[in-house]
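An overview of the molecular structure
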Amino acid sequence: MVGQHYIKLLNNHPWFRIKALTGKESVGRKYVEAVRGEAPEPPKDIAEMEVLPTDPKHVDADVVFSCLPTEAAREAEPRFAEAGFPVFSDAAAFRMEEDVPLMVPEINPDHLQMVERQKRNRGWDGYIVTTPNCTTVGLVLPLHPLRRELGVKRVIATTMQAVSGAGYPGVASLSILGNVIPYISGEERKVENETGKILGRLVDGRIVHDDVDVLATCTRVPTLDGHMESVVVETEKQTDKETVAHLLSEYVSLPQELALPTAPRRPIIVRLEEDRPQTRIDVDAGSVPGMSVSVGRLRVVGNKVRLVSLSHNLIRGAAGGTILTAELAKHFGLLDG
């Protein structure tokens, strides 16, 4: 399902052109015959592409985007990096490796410097860059400007995650319709651990993890796309609703300054209505649909900030966030030669 969004976002992209598609069971078939799920009609040239083996010997390209399952990524991504490919991955396999960047381009663009150390350490001509769990993105983007200006001591987050986050065919309909499942395997650990790495500082080529205390509860709800999170932030400084709304709504960073193709003009959209954001209305918000995080239900007392965030798990939380990371890498010259 993420792969379908890669194709949609890369079609007519000003910098990147799809040259190859790879798979496993679908090898040798046309893409249009192999794709699963509620797929949009692919462009004709993509629809007719033959699916190749996921092996660097079969791929004539310059950059790899990987949306593989974790175990498949653990096997395939190092092979491509060793063969000289820059690999941009939204898979979980290498996110927490010490020499692998875990990127949200608006937050930690300097972490891309780690790839040179990674190449030396591993003897690769290429490298792997990762992006976070689809839920983590919706938390860290609004958290970052608050942490930068107010300091953050503790975060309590309860997520309401769409069924598309489970992949295709996802959660069985008899399990999720009319229901909320208060557990997603491994998800809480990812949110808690990834946040500290993304917000960490790069010191002598290594990430010093931020010591923010994150407590997450992850649930699955019967929505199609869009992960919503109810968040309580304990800040170091006293604040008020107007200050928090200003910090979030006015936040921009390097991708916006560079006007990268997949960067939304506003990475955080603040909704002041009492009943927003809503998944059905706001999941595709932003100048680049699905790339902005919508934040609402702001309630602030002293150093306690309560908010609700909504992010598109397949776009900002997967394909779009990874493409934006590759665009940033291109700006830094990491795709040259």
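The paragraphs below set out a description of the structure included in this document.

The rules behind each value
- Residues numbered from 1 in each chain as written.
- Predicted model: local features only at pLDDT ≥ 70, side-chain atom pairs only at ≥ 80, totals over all residues.
- Heavy atoms only, no water.
- Helix = DSSP H or I, 4+ residues; strand = E, 2+ residues; numbered from the N terminus.
- Rg over C-alpha atoms; globule rule 2.2 N^0.38 Å.
- Buried < 20%, exposed > 50% of the residue type's maximum accessible area, 1.4 Å probe, protein only.
- Contact = heavy atoms within 4.5 Å.
- Areas by Shrake-Rupley, 256 points an atom, 1.4 Å probe, with all protein chains shown as cover.
- Lys, Arg positive; Asp, Glu negative; His and termini not counted.
- Charge placed at Lys NZ, Arg CZ, Asp CG, Glu CD.
- Pairing = 2+ DSSP bridges.
- Axes fitted to C-alpha atoms, helices over the stretch in contact; angles between N-to-C directions.
- Phe/Tyr/Trp six-rings, centres within 6.5 Å; stacked < 30°, edge-to-face > 60°.
- Lys NZ or Arg CZ within 6 Å of the ring centre and 35° of its normal.
- Salt bridge = Lys/Arg side-chain N within 4 Å of Asp/Glu carboxyl O.
- 1 Å grid on protein atoms, 1.4 Å probe; cavity = no way out; pocket = protein on both sides within 12 Å on 5 of 7 lines; lining within 4 Å.
- Points joined across faces, edges and corners; volume = space filled by probe spheres on them.
- Nonpolar A, V, L, I, M, F, W, Y, C, P; charged D, E, K, R; others polar.

**Quick word on the overall build of the protein chain**
- Secondary structure assignment for the protein chain yields 12 helices and 13 strands.
- What you see for the protein chain is a C-alpha radius of gyration of 19 Å, in line with the 20 Å of a compact globule of 337 residues.
- When burial is assessed residue by residue, the protein chain has 53% of its 337 residues classed as buried.
- In the protein chain, once contacts between residues fewer than 6 apart in sequence are set aside, the share between residues at least 24 apart is 74%.
- With the model as given, the accessible surface of the protein chain reaches about 15,400 Å², and the carbon-plus-sulfur share is 48%.
- Here the protein chain contributes 39 positively and 46 negatively charged side chains, and the mean placements of these two sets differ by 2 Å.

**Some points on the sheet that holds strand β3 (residues 64-66)**
- Read from one edge of the open sheet, 3 strands run β3-β4-β5, paired in parallel fashion. At either end of the open sheet lies a strand with only one pairing partner, and these are β3 and β5 (127-130). Going from strand to strand, the sheet's axes swing by 25° on average, the running direction of each strand aside.
- As defined by bridge partners, strand β4 (residues 86-89) adjoins β5 across 4 bridges and the pair is classed as parallel. Each bridged residue has a counterpart across the sheet, and for P86 the counterpart in β5 is Y127.

**Overview of the pairing of strand β13 (residues 304-311)**
- The buried fraction of β13 is high, at 6 of 8 residues.
- Pairing between strand β10 (residues 227-235) and β13: 8 bridges, direction antiparallel. Looking across to β13, one finds that V233 is bridged to V305.
- The sheet contact formed by strand β12 (residues 293-301) and β13 spans 6 bridges and is antiparallel. Its bridge partner being in β13, G296 is matched across the sheet by V308.
- Count of turn residues in the β12/β13 antiparallel hairpin: 2 residues, of which G302 carries a positive phi of about 65°.

**A few points about the packing of aromatic side chains**
- Applying the stated criterion to the full structure yields 5 aromatic pairs.
- Taking the centre distance of 5.5 Å and the plane angle of 35° together, the rings of Y6 and F65 count as tilted. On the criterion of sequence distance, the pair formed by Y6 in helix α1 (residues 2-10) and F65 in strand β3 is long-range, its members being 59 residues apart.
- Exposure remark for Y6: the relative accessible area of 5% places this residue in the buried category.
- Every member of this aromatic cluster is reached through a ring pair, and the members are Y6, F16, F65, F88 and Y127.
- The ring of W15 has K330 lying over it, and the distance from NZ or CZ to the ring centre is 5.9 Å.

**A look at the sheet that holds strand β11 (residues 268-270)**
- Ordered in space as β9-β6-β10-β13-β12-β11, the 6 strands form an open sheet in which the pairing is mixed. Looking at the sheet topology across the chains shown, the edges are occupied by β9 (213-220) and β11. Each strand of the sheet is rotated relative to its neighbour by a mean of 20°, with strand direction disregarded.
- Across 3 bridges, the pairing between β11 and β12 is parallel.

**Some thoughts on the environment of P53**
- Mapped onto the elements of the fold, P53 is located in strand β2 (residues 51-53).
- Put simply, P53 and G23 are 30 residues apart on the chain and 5.6 Å apart in space, counted from C-alpha to C-alpha.
- The residues contacting P53, other than those within four sequence positions of it, are T22, G23, V27, H58 and V59.

**As for the pattern of salt bridges**
- Scanning the model with the defined rule gives 18 salt bridges in all.
- Note that R117 is salt-bridged to E98, the shortest N-O span being 3.9 Å. Taken together, the residues span a long stretch of sequence, with R117 in helix α5 (residues 114-122) and E98 in the loop between β4 and α5 at a distance of 19 residues.
- Note on R117: relative accessible area 10%, which makes it buried.

**Considerations on empty space enclosed by the protein**
- Per the counting criterion, the structure on display carries 2 cavities of 30 Å³ or more.
- Considering the residues around the largest cavity, the lining is formed by M103, V104, P105, T131, P132, V137, R316, G317, A318, G321 and T322.
- Ranked by residues supplied to the lining of the largest cavity, first place goes to helix α12 (residues 315-331) with 5 residues.
- Grouping the amino acids of the lining of the largest cavity by side-chain chemistry returns 6 nonpolar, 4 polar and 1 charged.
- Here the second largest cavity defines a volume of roughly 40 Å³.
- The wall of the second largest cavity is formed by G138, L139, P142, L143, V231, V233, L307 and S309.

**Comments concerning the side chain of T325**
- Here T325 lies in helix α12.
- In this structure T325 comes out as buried when scored by relative accessible area, which is 0%.
- If sequence neighbours within four positions are ignored, T325 has contacts with F88, M103, P105, L112, V129 and T131.

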